[in-house]
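In case you want the letters, here they are:
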Amino acid sequence: MLLSDPSLIKNTLLLNGVWQAGSSQFAVYNPATGEEIIWVHNASVKDTQLAIEYAVLAQKQWQQSLAAERAFLLKNWHQLVLQHQHDLALILATEQGKPLSEAKAEILYAASFIEWFAEEAKRLYGDVIPTTAANRRLMTIKQAVGVVAAITPWNFPAAMITRKLAPAFAAGCTVILKPSELTPLTAMALAELAQRAGFAPGVLQVLPTKEASAVGELLCQSPDVKKLTFTGSTRVGKLLMRQCADTVKRLSLELGGNAPVLIFADADLPKAVAGVMAAKFRNAGQTCVCINRIYVERAVYQEFNQLLLKAMQQLVQGSALEPGVTLGPLINTEAVTKVSALVQQAINQGATLMWAGQKPVAGSNFYPPTLLCDVTQDMALMQQEIFGPVAAVMPFDSEQEAISLANQSAAGLAAYVYSNDISRLWRLAEALQVGMVGINETAISTEVIPFGGVKESGLGREGSRYGIDEYLEIKHLCWGGLV
Ligand code: SIN
């Protein structure tokens, strides 16, 4: 990895403002080649306890800082991320596997949260409430929740970090970050830039670790950690939620999705295909808001499948840094095994394998782009997230049927609809049981929108003007005895 600033590569723990060694190490691999990139120091439970103690100390000062000071530091951090965007994208692409163009886009997406919350920091208004008694005045103020634990995933190693850290800092919370052990290098490069931006020791601490369950358990159970924010699987989210119960911790959970797209006969089919391509194959299908279930009205089913096939045949699979690549590998061999099993099971149950691309010769983590038609709702790949480059298409006959199929899921993160009938679009937007609906559009994620789900897709919203509320308590002040 040829970086302009090689000192962005950190492989130790960040504790109380100092990069320091752990007592053991683990390897980080390039998922495209299987090559080892670097050994990273492992944070133990003891290190986690230390991080909590440092965070509690830092919290006292940080929550007293002026909003303008926090905004200033966030702006510095934003500028540094932009200045180092090329290096950050290289680090991200190498450890995560997504094509460099997607990695660059993710760094800008990550930076956008820092800028947005630098601005929001200055707008943490309370209320003056019309009083109910002549001798009283009623108000609210907003205060930082306190020490936050952030547990982040490997699929967006930069953006899922800044989407949590920037609002936490803006609100006046310190953060202990546990990044995915598969992609810790991006997290640590971002943390190094936060150090350079001027955040005080203990405001951000980073714990790369192979001991995820023990470290996570301590973060959840510690009474000194006041909030947990997690992005990852629904299974782990439920476990963390249980572990947070004893301390009644504030929780934000961005969990799995199983996003449907509904394509009606009156839709602009080429636009629908372009939208499906963008949302299905982003990050090789390893995105919570990726389209997982493609429902197409029977009248245009064959035509849609042919158009999708043509578009999929344009995908270029390969390593992140190869020019022209549009589809990277999956994160590891377990992911490949899981996707293969889902596809094989669907074929065994009667799905038609319309096309599967050629796997690049090198690397065992590549799964070829695959088009399956005539899938049915009971197949496992319609019931759970595929998290791979597999398009699964099923026909429907009526709007009511389409809504019912779309809502038959425990997940409720995103859904997409394509139609040119404005009344139908309104009906669908209201009927779909999800947190986000893309209407004739699949690129729904930006820093200005409230990202989050309903049902088992999680709790809370990230980004937008609502994202900072997750890190604030509202305190009521009742002024009595006034004359
Ligand atoms: C995710 O997959 O969790 C995040 C995707 C996004 O922000 O668009």
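Reading the values: rules and limits
Residue indices follow the written sequence of each chain, beginning from 1 at its first position. Reporting of local features is limited, given that this is a predicted model, to residues whose pLDDT is at least 70; pairs of side-chain atoms are given and counted only at 80 or more, and all residues count toward the totals for whole chains, interfaces and linings. The side-chain values count all of the structure's non-hydrogen atoms but skip hydrogen atoms and water molecules. Where helices are involved, their axes are fitted lines through C-alpha atoms of the stretch in contact, as for all axes, and angles between N-to-C directions lie from 0 to 180°. Numbering of helices and strands runs from the N terminus, with a helix taken as a DSSP run of H or I at least four residues long and a strand as a DSSP run of E at least two residues long. Every angle not falling under 35 degrees, over 145, or within 65 to 115 is termed oblique; those three ranges are roughly parallel, roughly antiparallel and roughly perpendicular. Crossing handedness is defined as follows: a turn of the near helix away from the far one that is anticlockwise and smaller than a right angle gives a left-handed crossing, while the clockwise case is right-handed. We call two residues in contact whenever any of their non-hydrogen atoms come within 4.5 Å of each other. Charged residues are taken to be Asp, Glu, Lys and Arg, nonpolar residues to be Ala, Val, Leu, Ile, Met, Phe, Trp, Tyr, Cys and Pro, and polar residues to be all remaining types, Gly included. For this description, a residue counts as near a given molecule or strand if any of its non-hydrogen atoms is within 4 Å of it. For the purposes of these results, a polar contact is taken to be a pair of N or O atoms within 3.5 Å, where, inside protein, one atom must be able to donate a hydrogen and its partner to accept one; residues adjacent in sequence count only when each atom of the pair is a side-chain atom. A 1.4 Å probe and the Shrake-Rupley method give the accessible areas. Residues count as covered only by the protein chains that appear here. The domain boundaries here were taken from an automatic or database domain assignment. Only one rule defines a salt bridge in this text: a Lys or Arg side-chain nitrogen within 4 Å of an Asp or Glu carboxyl oxygen. To sort residues, take the accessible area from a 1.4 Å probe on protein chains only and compare it with the maximum for the residue type: under 20% means buried, over 50% means exposed, and anything in between is partly exposed. Defined here as a combined quantity, buried area equals the accessible surface (1.4 Å probe) lost by two parts on assembly, summed across both.

**Considerations on the packing of helix α3 (residues 85-96) against helix α6 (residues 184-197)**
Where α3 contacts α6, the two axes come as close as 8 Å, and the packing angle between them is 160°. Relative to α6, the element α3 is oriented roughly antiparallel. Two packed elements cross with a definite hand, and for α3 against α6 that hand is left-handed. Across the interface between the two elements, L88, I91, L92 and E95 from α3 touch P184, L185, T186, A189, L190 and L193 from α6. Split by residue class, the contact of α3 with α6 holds eight nonpolar, one polar and one charged.

**Regarding the site of the ligand**
The ligand sits among Y109, N155, F156, M160, R163, E254, R282, T287, C288, V289, S445 and F451. The side chain of N155 places a nitrogen or oxygen atom 3.3 Å from an oxygen atom of the ligand. Here an oxygen atom of the ligand sits 3.0 Å away from a polar atom, N or O, in the side chain of R163. Within the complex, 100% of the 260 Å² of free accessible area of the ligand lies under protein. When grouped by side-chain class, the residues that make up the shell around the ligand number six nonpolar, three polar and three charged. Each of domain 1 (6-255 + 457-477) and domain 2 (259-446) contributes no fewer than three residues to the shell around the ligand.

**With respect to the pattern of salt bridges**
Inspection of every chain in the model, using the stated rule, returns 15 salt bridges. Measuring nitrogen to oxygen at the nearest pair gives 3.2 Å for the salt bridge that ties R250 to E473. Remark: E473 occurs in strand β22 (residues 472-479) and R250 occurs in strand β11 (residues 250-254); sequence separation between them is 223 residues. Counted as one network, the salt bridges with shared partners bring together R163, K164, E254 and E462.

**Description of the environment of Y466**
Mapped onto the elements, Y466 comes out in the loop between β21 (458-459) and β22. On the basis of relative accessible area, Y466 is assigned to the partly exposed category, the value being 38%. Separated by 16 residues in the primary sequence, Y466 and P450 place their C-alpha atoms 6.5 Å from one another. Of note is the side chain of Y466, whose polar atom sits 3.1 Å from the side chain of R465.

**Points about the domain arrangement of the protein**
Parsing the protein into structural domains produces domain 1 (6-255 + 457-477) and domain 2 (259-446). Put simply, the middle of domain 1 and the middle of domain 2, counted by C-alpha atoms, are 31 Å apart. Counting residues at the interface gives 22 residues for domain 1 and 28 residues for domain 2. Between domain 1 and domain 2 lies a buried interface of about 1,900 Å² when both sides are counted; carbon and sulfur atoms form 59% of it. Where domain 1 meets domain 2, there are zero salt bridges. For the pair domain 1 and domain 2, the interface holds eight residue pairs in polar contact (both at pLDDT 80 or more). Those elements that place two or more of their residues in the side of domain 1 that touches domain 2 are α3 and α4 (100-120). Among the elements that take part in the side of domain 1 that touches domain 2, α3 stands out by supplying five residues, more than any other. Split into classes, the residues belonging to the side of domain 1 that touches domain 2 amount to 12 nonpolar, five polar and five charged.

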